[in-house]
Amino acid sequence: MALHTKDEEARTPYQLPMPKEAASDIVVPNAIPEDERVWVPQAENVWFRPLCLNASTGYWVNLLRVRKSGVLSRHRHPNAVHGFVLKGRWFYLEHDWVAEEGGYVYEPPGETHTLVVPDDVEEMITLFQVNGVMSYVDPYGKPTGYEDVFTKIDNCRKHYTACGLGEDYVDQFIR
Ligand code: FE
């Protein structure tokens, strides 16, 4: 096919097949879900909503929702985390800054912190991309538990089975 103008070429889709080893894409129309059941309970006043559970490279992308006075337990990251605050406000007990709506946060490898949502914030939602593992620790670093992409998948399966969406509901987010 002969392309006659620059505009025509710019608007021509890539003509070759994608690599056959490539995974399929994920498109989530309502990332902040209308169906409450999509939120997976994680702790008191804390839920997550899976978006990409990357079992093949060991990371996950989710929305974290914390309601009034919620706390995400103290944990250590051996790998980097990226966060984008969609709603509300939160801070870490270990830092003097506050993550505000519209803000971006980078958590470097080696960070140990405790996420708190202030009493005056009804609801906080933040998109987090978490690599590897979250190691839950006591105030002196002694491990008390962990989460990785596989425990996330497992928690999704249990919750989606219990709430009626079905254990296969999580499959659309796994790559
Ligand atoms: Fe963290």
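Here the structure is shown first, and the text comes after it.
Residues numbered from 1 in each chain as written. Predicted model: local features only at pLDDT ≥ 70, side-chain atom pairs only at ≥ 80, totals over all residues. Heavy atoms only, no water.

Enquirer: Where do I start with empty space enclosed by the protein in this structure?
Expert: In this approach, a probe sized like a water molecule rolls over the atoms, and the result shows the empty space that is left. This structure, assessed with the given rule, holds one cavity of 30 Å³ or more. Each pocket or cavity is described by its volume, and for the largest cavity that value is around 130 Å³. Leu 64, Leu 72, Phe 128, Val 130 and Met 134 are, among the 15 residues lining the largest cavity, the residues nearest its centre. Mapped onto the lining of the largest cavity, the elements with two or more residues apiece are β3 (59-67), β4 (71-76) and β10 (123-131). Sort the elements by how many residues they give to the lining of the largest cavity and β3 lands first, with three residues. Taken together, the residues of the lining of the largest cavity sort by class into nine nonpolar, four polar and two charged. (1 Å grid on protein atoms, 1.4 Å probe; cavity = no way out; pocket = protein on both sides within 12 Å on 5 of 7 lines; lining within 4 Å. Points joined across faces, edges and corners; volume = space filled by probe spheres on them. Helix = DSSP H or I, 4+ residues; strand = E, 2+ residues; numbered from the N terminus. Nonpolar A, V, L, I, M, F, W, Y, C, P; charged D, E, K, R; others polar.)

Enquirer: Please explain the environment of Cys 163 as it appears in this structure.
Expert: Tracing the sequence through the fold places Cys 163 in helix α2 (residues 149-163). With relative accessibility at 22%, the residue Cys 163 sits in the partly exposed group. Residues Cys 163 and Glu 36, spaced 127 residues apart in sequence, show a C-alpha to C-alpha distance of 9.9 Å. (Buried < 20%, exposed > 50% of the residue type's maximum accessible area, 1.4 Å probe, protein only.)

Enquirer: Explain the coordination of the iron ion here, please?
Expert: Six octahedral donors around a metal ideally sit at 90 or 180 degrees from one another, while four tetrahedral donors ideally sit at 109.5 degrees. Protein coordination at the iron ion: the donors are His 75 (NE2), His 77 (NE2), Glu 107 (OE) and His 113 (NE2), at 2.1 to 2.6 Å from the metal. Here the iron ion is ringed by four donor atoms whose angles at the metal span 77 to 164°, and the overall shape comes out irregular. Between consecutive donor residues of the iron ion, the sequence gaps follow H-x1-H-x29-E-x5-H. With His 77 in the loop between β4 and β5 (81-87) and Glu 107 in strand β8 (residues 104-107), this pair connects stretches of sequence that are 30 residues apart. Take His 77: its relative accessible area is 1%, and that puts it in the buried class. (Donors = N, O, S within 2.8 Å, 3.2 Å for Na, K, Ca; no water. Tetrahedral: all angles 85-135°; square planar, octahedral: opposite > 155°, others 65-115°.)

Enquirer: Would you mind showing me how to read the sheet that holds β5 here?
Expert: Strands belonging to one sheet form pairs held by backbone hydrogen bonds; the direction of such a pair is parallel or antiparallel. Read across the sheet, six strands follow the order β1-β2-β3-β10-β5-β8 without closing on themselves; strand pairing throughout is antiparallel. In the strand order of this sheet, the two ends are held by β1 (40-43) and β8, each with one partner. In this sheet, adjacent strand axes meet at a mean angle of 30° when their direction is disregarded. Relative to β10, β3 is paired through nine bridges, and the arrangement is antiparallel. Note on β10: the bridge partner recorded for Leu 63 is Leu 127. (Pairing = 2+ DSSP bridges. Axes fitted to C-alpha atoms, helices over the stretch in contact; angles between N-to-C directions.)

Enquirer: Whenever I open this one, the pattern of salt bridges confuses me. Can you help?
Expert: Applying the stated criterion to the full structure yields twelve salt bridges. Here Arg 37 makes a salt bridge to Asp 35, at a shortest N to O gap of 2.9 Å. By relative accessible area, which is 35% here, Arg 37 ends up partly exposed. Residue classification places Asp 35 among the partly exposed residues on the basis of a relative accessible area of 29%. Note that Arg 157 and Asp 171 form a salt bridge whose closest N and O atoms lie 2.9 Å from each other. (Salt bridge = Lys/Arg side-chain N within 4 Å of Asp/Glu carboxyl O.)

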